[in-house]
Structure formats: C-alpha cells, structure tokens
Amino acid sequence: MSATPSPRTVPAPTATPSRRAVLAAGGGVGLAAFLSSCAVGGGGSSAGASGSGKGKVRALFMKQAGYSETDIRAMTTAFQKANPDIAVTADFVAYEALHDKIVAAAPAATYDVVLIDVIWPAEFGSKHIVADVTSKWPEPWKQQMLGGAVATPQFDSRFYGVPWILDTKYLFFNAAHLAKAKVDAGQLQSWDGVLKAARAVKSAGVVKYPLVWSWQQAEALICDYAKLLGAFGGTFLDAAGKPAFQHGGGVQALELMRQSIVDGLSNPTSTQSLEEDVRRVFSAGQASMALNWTYMYGMANDPKQSQVGGQVKVLQTPSGPNGRPGVNGSMALAVSAQSKNQDAAWKYITYLTSQPVQEKYALSSLPVWKASYDNPAVVKTNPAVVPQAKKQLADLILRPQVKTYNPISQALQAEIQKALLGSKSAQQALNDAADQAATLLGS
Amino acid sequence: MSVAPAATAPPTRRRAWGSGVRGEALFALALLLPAAIVVFGVVLYPVARTFVISLFDVNSPLPGSYPFVGLSNYARVFRDPGFYPVLGHTLYFTLVSTAAELALGIAVALLLNAPLRARWFWRSLVVLPWALPTIVNGALWRWIYNGQYGALNGLLSTLHLSDAPHQWLGSPFLALNMVIVADVWKNTSIVVFFILAGLQTISSDLYESARMDGAGAWAAFWRITLPLLAPSIAVVLILRTIEAFKVFDIIYVMTGGGPASGTQTVAFYTYLQAFSNQLFGYGAALAYLIVLAVFALAMVYLRVLRQGEMAGIQ
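A quick note: this is a predicted structure, and the numbers were derived from the prediction, not measured. (Residues numbered from 1 in each chain as written. Chains lettered and ligands numbered in written order. Predicted model: local features only at pLDDT ≥ 70, side-chain atom pairs only at ≥ 80, totals over all residues. Heavy atoms only, no water.)

Participant: When you look at unusual backbone geometry in this model, what are you seeing that I'm missing?
Facilitator: Comment: phi is negative for the bulk of residues other than glycine, and the bulk of peptide bonds are trans. At the junction of Gly258 of chain B and Pro259 of chain B, the peptide bond is cis and its omega measures out at -5° in the coordinates. With respect to the secondary-structure elements, Pro259 of chain B resides in the loop between helix H10 (249-254) and helix H11 (266-276). Not every positive phi belongs to a glycine, and Asp156 of chain A is a case in point at roughly 55°. Its place among the elements puts Asp156 of chain A in the loop between strand S4 (154-155) and strand S5 (158-159). The backbone of Ala260 of chain B shows a phi angle near 50°, a positive value even though the residue is not glycine. Within the secondary structure layout, Ala260 of chain B lies in the loop between H10 and H11. (Helix = DSSP H or I, 4+ residues; strand = E, 2+ residues; numbered from the N terminus.)

Next up, the structure:
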C-alpha cells in the first residue's frame, strides 16, 4: 500500500470519507479523549461514604499466624447473628501478599475492612488508602488498651484503625532436647545463654542445628533483626530520623546472626525460611529453640500437628546488653478510605476487637485489652504464654513509622542477607543499607 | 487502499455506495465491534494507560493529579543502581532457560517422533509439566529443593551420592540456576510440541535419499532435520524468549526474589516498585522498557532468521 494516494483514490470533496480516514479520525479522537479525560493513577472514585450502617461488608484478612481462618469465620458468623442487616464476606491471603492486595484493591473499593500491619499506617494513612478514624476512637480505649496496641494503628497522632492482633515474638524451646543436653532452661534468659545452650545441644548430638529462624528475604527477617537490634542497644533511626542501625548494637546484632550460622548453631535453611517453615522444623523436632509468634505455642504443642507436642515451652525474648525488647508485630483492622459502607465496616471492626470476642480466642492471639490479662478465663486459655506476654508486651520495639518503610525494609533485607551468606561483612552490609535508606528517607 | 469512489464514478455507482456498500461496511463494522472492544479493552487501553502513567510521578493507586515528569521515570531506570543486577539476572535467566529448553525440547521431540511403542502415552506424559499452573510448579520445586526436608536431598542421600543437606536455594547464583531448572522442567513441553509438529512435516524421502548418499544419522540431523525445523525453532524461540524475559510468578513463589536479591528479575523488580513501593509511575516506565526489550528481541530473531532464509516468513 502506498502512502501517497493516486489521483484515482483521492476522494472527491463531497464523497464519503475513506475507511482509513474514518479509523484515523476515530482513533485520534478516542485517544485524545482518553488522554484528556482520565485522571492519572487508577480508576474509580476516591471518595468513601458512611453508608447506612447496613448492607454488605467485604473484609480482607491474612491466612497465617494470629487468628486462624476458622476463628475469623466463627467470629463473623456470631457478628452476623447479632447484626442480621449486615452481610460480611471475608477473604484471606498470605501475609506476604496482604500489603500489595490492599494497594491493588484500593481504587476499586473492593474491601470495606482491611487488616493492616503495624508498619503500614504511615504509608496507607498518608495516601488515603485507609480512613482516619480518630474521631470515632472512644477516649477510654487509650487507657484500656495496652500501650503497644494503641501505638499500632497510629501515625502522626492520628488513628487509622483499631488494634486487633497484639503480638510479638517469643522464644520457644524444646524442654526434652534441653534435658537431654543437660541444659538448664534458666540460661535462656539472655542471648549469651541461648548460644551456650545451642552449643551444648549440638555437641550432645540432640539435633544438628539447635536454632532455626525466619531469615528469608522478607519482613520476617526484619522482625528477628529488630529484637536483636534492641537487645544490643541499637535503633533503626536516630533522633533526627536518619538511619542508625549501622552503628553499635545494629552491627553486633547482625554479627551474632552471621556467627550462629558459621558455628553451625543456626540451621542454614533459616535464610530461606518464613515463620511457618520455622514452625514445621521445630514441630518436627529438628530444632531446639526458635523465635516465633504466639500462635506457634498452640500448634507446636498439639500432637496432631507436631511431633514434639507437650515438650514445648515459651519464654520472653532473651536479653542482650541493653534489655530484651520484643518486636511489635501487632496488626490493626482498618476501614478502607474508599469504602461506601464505612459505618457498617466500623461496626464489624468494633465487634471483632471487642474484649469478649478477643478473650474467647485468646489461644490464637492475645487480647489488646489490659483487663484481659487479669481475667482468669484468659489466663486459663493460654497459661504458658499469658505470664510471658504480660512482661513482653510492656517492652516492645517499633520498626520505623515512615511513609517509605517498604523500600527501606527491602534494602535492609537484601543487605542483611548478604551478611548472613558471608558475601559482605556485617558492617559493610549495614553501611550499604543505611546509604539506601538515607536516600529513601529523603525522597 | 481506499473504499471511496473515484471522482469520475457514474451516479449509479455513487448510489450503490450510498446504500449497499455502506450497509455492508456498517454490517462489517458491527461484526468487528465486539472483537475491537475486547482488543481495545485488554490490550490498547492498558498499553496507552501505562504509557500515560509512566510520564507522571504517580505514587498512589488512587486517581488524582500527579506531577508531570516527562521521560524522567525512564531516565531514572538507567540511573537506578538496583536495576542493573536485576537486568543481569533476567538476561542470564532468559539465555540459559531458553537454550536449555530448546536443546532438551529438540532431543525429546526426536525421541517422541521415533516409532516408539505406546507413543501416544509418552506424548501425553510430556505435556503434563506444561499443563501444571506455574504457581503449583513453583511450590512443588520449592519443596523439592528444601534444604531440611526436600526430595532432592533425599534422592541424593538414597542413591548414596551425597549425605550433606545441600541448600539449593541458599545462595544467590545457585538459587537462580535452580529456578531455571524448575522453569525448564515446566516449559520444555511446549518446545517439544512445536518441534514435534515441525518434524512431522519433514518427508521421510529426504532421509532415505540421504542414507542412499551415504549420510549418517548425525549428518542427516545437521543437514536435513535442523534446517527444515528452522521455522518451528524460530516460533518457539521467540515465544520462549519473550516468556523468559517476563518471568515473574515462579520467582515469586520459589524464592521471593532472594536470597540477597539474587533471583530478582526485571518483571519482579517492576512489581516491587509499583505495588510494594507504590511507585506506579516508575513501575510503568520499567514495564514499558520490558515491552520495548521484548519487541526488540522478537525483531532481531525474525530478521536473523529471515536473512538466513530459514524462517519461511516472508
């Protein structure tokens, strides 16, 4: 086809336009309309609405740790019985997919209620993905809930949700393994003691690798690092908001992690493991000590799911030279800012986070309410964890509450892994991570 | 080409265009409309939209007004020190997995083209890995490679080849290669079927003549089979290269980009930037560069093969 039309094909002024001309004009007009009319950044409307307090509510939860899917479905059924004019649909995804699912679903307002991690309020709040519910927060809650819980959905003194899963990592140990190696569990109060116990267990031939961790390149790695960082006196950021983990305690923490691999105390699969992998290895009797969330206690002690049922004990996180802070791994329920049914969503959230509901399911996740810890019924539900939780939940370390937390965490994860695998020294890896973090904090 | 009548056309023809031809054109347009809407909706609209987004500093999934930054998202890609390692991983993954799939695919296709007993059964068996969803395949291989209770270590131990528990996904370069193995296991099937289809078009007379001329099996393969398979190889090479360059899901499931970012590919990095970090403008620019790279690859292949007069594509 020639680009220059022959005289025979030139349309007469009065003739019907050619197909090419029609298509070109239509395409041009369409494209121009498309370019000029669309807002950049996503479809849908950005305005949420209170709604009638009735109707459909769709909620997004995670499918691991904390409350199980069965727990949440049972809670939801009970809520619907009490509120027959609200129909709730609950969806579940793995924790690793939760953040991105919330982001991707935001423009379409797919969800009315979303479960958010303690590290996301800054990002989701500042970008209007979750609603500011400060005005809805009853004042007494601030005193009635534990301090770590109140901090969970907060950013810039605003509330972006209601705390629901109050959790931190505890030290779980296999009492039978320690007994075989003649190790006194009392020495597990400090990291020095844990390493000493691990050496004893290894040399007694009880297991090849006494320790297993969730050190895969994921947020789980930062949770473990945060505890050690705090124990050794380090901080993520300094008072000026600049990276500080590359100094002092931050470096010592990473050196301990690396050395435990070099010494054969930590299972080398740790660098490819998440919390569920840790639970499986520990429950199979292939590790003697591990850090994990509250939920592991019930599952590792259940003979139906574990080969070490009845042998598992739990302790507060071990101490370092600067104390024993637990990582704040709490999560909150938030109302989606795009939801058209925010009042019904709020009703559902206040039900799930209410003291009676949380106390009923205390074995899966401990309540956010101070009074629950003195309730004999709660203590009876989880007699091993509650006394440890009472001490640990009063001493938590927060990961940085910054809008660019995700890319900073990714940079730190990659560099920590380089140190764990021996391709960089701990100091070099943290220096490199700090350089990247500084750029991201300034962006 | 023009459907417009010539200026000198008699009035009768003008009337015909005005009624019959126009009616026919409208009918044709009506028939094409559903397909056009689908193509526009799933191809053209996202392509145009992604390009528009790549010109703005979009840092949220929500609609709004974001600063226009022109091509600076594209320039940023090349200034980003994180981009070059992932580009390296992607090129390595693409090159090695495509080459391995092609070599293995040709070998298996030759085998399946031979007069085997129960040939239908073997052919059905070969297609199974390809029929498996990539997510399932990734989860399967993650378990096979597990350093603690994985099947591969179990197999090596049973065969008394190695008792040490190897960490197949434990170091960056090894992990990348092990992901390639998983990808090759799954995608060799499709190569086999393309090549098998090509093999069946080669007349047995050619081999017979070659044999009579004294050519052995090796010479027949290089002089007859391979040249005549070129069109099939061209197609499968383009398809597999493009797919390998875009690799995402198997990485997401098997390694999550680790260890130490050693298995992050361009598509995975794009996903992280766009969805995890909410840098949608930057993510869109990265996505556009993937499209351009894939387009360039396809053009290079077609050109090379056409120049060699092997592709059979005019």
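Participant: Explanation requested: the packing of helix H10 (residues 249-262) of chain A against helix H17 (residues 405-420) of chain A in the structure shown.
Facilitator: When two helices pack together, their arrangement is given by the angle between their axes and by how far apart the axes lie. Residues and elements named next belong to chain A. Packing of H10 against H17 brings their axes to within 9 Å, and their N-to-C directions diverge by 45°. Here H17 runs oblique to H10, going by the angle between their axes. Seen from H10, the contacting residues are Leu254, Met257, Arg258 and Ile261; seen from H17, they are Ile416, Ala419 and Leu420. Looking at the contact of H10 with H17 residue by residue, the classes come out as six nonpolar, no polar and one charged. (Axes fitted to C-alpha atoms, helices over the stretch in contact; angles between N-to-C directions. Parallel < 35°, antiparallel > 145°, perpendicular 65-115°, else oblique. Contact = heavy atoms within 4.5 Å. Nonpolar A, V, L, I, M, F, W, Y, C, P; charged D, E, K, R; others polar.)

Participant: Please clarify how the sheet that holds strand S2 (residues 86-93) of chain A should be interpreted in this entry.
Facilitator: Neighbouring strands of a sheet are bound in pairs by backbone hydrogen bonds; such pairs are parallel or else antiparallel. Residue and element names in this part refer to chain A. Strand order in the open sheet made by the five strands is S2-S1-S3-S12-S6, with mixed pairing throughout. At either end of the open sheet lies a strand with only one pairing partner, and these are S2 and strand S6 (162-165). Looking at each pair of strands side by side, their axes are set apart by 30° on average, direction ignored. Seen against the sheet, helix H2 (residues 69-82) touches strand S1 (55-62), S2 and S6 and runs at an angle of roughly 170° to S2. Its contacts with the sheet place helix H3 (residues 95-105) against S1, S2, strand S3 (113-117) and strand S12 (331-335), and it is angled at close to 135° to S1. (Pairing = 2+ DSSP bridges.)

Honestly, that's just the spatial picture; any functional story needs more than this.
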